[in-house]
Structure formats: C-alpha cells, structure tokens
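# Examination of the molecular architecture
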Amino acid sequence: MQTIWLTDAEWLAVLRIGLGLWWLESWRHKDKKSWFAGGGIDWAAGVAAKHRWSVVRTGFDRVVKPRPRLMAYVVAYAELALGLGLIIGLLTPVALIAGLVLNLIYLVLMIHDWAEQGQNLMMALVSAVGFFAVSWQSWSVDGALGLFW
C-alpha cells in the first residue's frame, strides 16, 4: 500500500504512540491524592452496586472491594505502564493486549454511560488494530531488539 509521508509500519507506530499518550493522559489527569485515598475505588463501587448485571456487582465485591488501596494502585500504575510501554514500544504486544483487557473491563463496568463508552471502544479498537497489524515494527524498543517477530 502506498501512503503519503510515512511507511505503513510508521503510521502504525504513530497509532501505537498516540494510544500510549492516551493511556498516559488517563494516568496524569487522576487526582492522585484522592485516588489513592480511595476516591476512585469508592466511585467505582457506587457504579458497580447499581450495575444491571449481577456478575459485575459480585465480581467487584469479591475482587476489588476487599482491597481498595491495592486496586487503586493497580489501576493507576497499569495505566502509567501501558502508556510508557506503548510510547517507547517495550513489550508492545503485552501492553496492547493488557490495554484491550483493561478497556473491556472499563467498558463493562460503565455499560450505562455512553460518554465513557466512546473512549473505551476507541481505545480497544486501536489496541486490536495495533496488535494484529504488528505496530511494534517501527520506532520501538521491541523492533530494535527484534522481539516479537
């Protein structure tokens, strides 16, 4: 395929890096003091408690609710790690799959909020495209080291 200015692999790298910047912004905009004090998990608990699917309520109550501080750190630093990994292209396929899973979790939790759905669906789509199109071929540590085919 012929493209203007960049090669196909470089355009995929642009897409991957943009997704990484999106994850980095998800991490950056959090009020860390409030988030790590339980604000984020408390908010999610309120959403889960009213969720229309009992499996979400039960799963949240069993996995997240008993360990709010740990889960606050897991969510925040997963977003940071995803952002950095995608930007520099380190362990890119792992980051793309992990990001896809995290977006799907957010999507299911926020199933009733269509404003959130657009972001999560778009990020999930970019993750899938980046994974199946092998977006770590250019401008990445993985590519420089010859990792992941």
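To start, this report covers the structure provided alongside it. Only a predicted model underlies this, so the values are computations on that prediction, with no experimental measurement involved.

Tallying secondary structure elements over the chain gives eight helices and zero strands in all. In the chain, the order of α-helices and β-strands from amino to carboxyl end is α-α-α-α-α-α-α-α. With respect to the principal axes defined by its C-alpha atoms, the chain has extents near 50 × 25 × 25 Å. The proportion of buried residues among the 149 residues of the chain is 40%. About 8,700 Å² of surface is accessible on the chain, with carbon and sulfur atoms providing 70% of the total. Taken as two groups, the 12 positive and 10 negative side-chain charges of the chain have centres that lie 11 Å from each other.

Take a nonpolar patch on the surface next. Taken together, Ile 88, Leu 90, Leu 91, Val 94, Val 141, Leu 145 and Leu 147 make up a surface patch of nonpolar side chains, about 580 Å² in accessible area. Structurally, Leu 91 can be placed in the loop between helix H5 (68–88) and helix H6 (92–109).

This part is about unusual backbone geometry. Here Trp 5, not a glycine, exhibits a phi torsion of approximately 80 degrees, which is positive. Note on placement: Trp 5 falls in the segment before helix H1 (8–28). In the Ramachandran plot, Leu 91 falls in the positive-phi region, its phi being about 55 degrees despite a non-glycine side chain. By relative accessible area, which is 45% here, Leu 91 ends up partly exposed.

Further remarks concern the side chain of Ser 127. Secondary-structure assignment places Ser 127 in helix H7 (residues 114–132). Judged by relative accessible area, Ser 127 falls into the buried class, the value being 2%. Once residues within four sequence positions are removed from consideration, Ser 127 is found in contact with Leu 19, Leu 96, Gly 99 and Leu 100.

For any pair of aromatic rings, the description consists of the separation of the ring centres together with the inter-plane angle of the planes. This model, assessed by the stated rule, comprises eight aromatic pairs. Among the aromatic residues, those joined into a ring-pair cluster are Phe 131, Phe 132, Trp 136 and Phe 148. Its end group placed over the ring of Trp 35, Lys 30 keeps NZ or CZ at 4.7 Å from the ring centre. Directly above the aromatic system of Trp 27 lies the positively charged group of Lys 32, at a separation of 4.2 Å from the ring centroid.

On to the packing of H1 against H5. The contact between H1 and H5 brings their axes to 7 Å, and the two run at 155 degrees. What the angle tells us is that H1 and H5 run roughly antiparallel. For the pair H1 and H5, the sense of crossing is left-handed. In this structure, H1 uses Arg 16, Ile 17, Leu 19, Gly 20, Leu 21, Trp 23, Leu 24, Ser 26 and Trp 27 to contact H5, whose residues at the interface are Ala 76, Tyr 77, Glu 79, Leu 80, Leu 82, Gly 83, Leu 84, Leu 86, Ile 87 and Ile 88. Looking at side-chain class alone, the contact of H1 with H5 contains 14 nonpolar, three polar and two charged residues.

Moving on: the pattern of salt bridges. Scanning all chains against the criterion turns up three salt bridges. The partner of Arg 28 in a salt bridge is Glu 25, and the shortest N-O contact between them spans 2.8 Å. Here the residue Arg 28 and the residue Glu 25 both occupy positions in helix H1, the gap between them amounting to three residues, near one helical turn. Of the residues examined, Arg 28 reaches a relative accessible area of 52% and is grouped as exposed. In this structure, Glu 79 and Lys 30 form a salt bridge, with 2.8 Å as the shortest nitrogen-oxygen distance. Of this pair, Glu 79 sits in helix H5 while Lys 30 is found in the loop between H1 and helix H2 (32–36), placing the two residues 49 residues apart along the sequence. Of the two residues, Glu 79 and Lys 30, both sit in the buried class.

Reading the values: the criteria
Residues numbered from 1 in each chain as written. Predicted model: local features only at pLDDT ≥ 70, side-chain atom pairs only at ≥ 80, totals over all residues. Heavy atoms only, no water. Helix = DSSP H or I, 4+ residues; strand = E, 2+ residues; numbered from the N terminus. Buried < 20%, exposed > 50% of the residue type's maximum accessible area, 1.4 Å probe, protein only. Areas by Shrake-Rupley, 256 points an atom, 1.4 Å probe, with all protein chains shown as cover. Lys, Arg positive; Asp, Glu negative; His and termini not counted. Charge placed at Lys NZ, Arg CZ, Asp CG, Glu CD. Patch = residues over 30% accessible without salt bridge, like charges linked within 9 Å, V, L, I, M, F, W, Y side chains within 5 Å. Salt bridge = Lys/Arg side-chain N within 4 Å of Asp/Glu carboxyl O. Contact = heavy atoms within 4.5 Å. Phe/Tyr/Trp six-rings, centres within 6.5 Å; stacked < 30°, edge-to-face > 60°. Lys NZ or Arg CZ within 6 Å of the ring centre and 35° of its normal. Axes fitted to C-alpha atoms, helices over the stretch in contact; angles between N-to-C directions. Parallel < 35°, antiparallel > 145°, perpendicular 65-115°, else oblique. Left-handed = near helix turned anticlockwise from the far one by under 90°. Nonpolar A, V, L, I, M, F, W, Y, C, P; charged D, E, K, R; others polar.

Any link to function would need more than the numbers given here.
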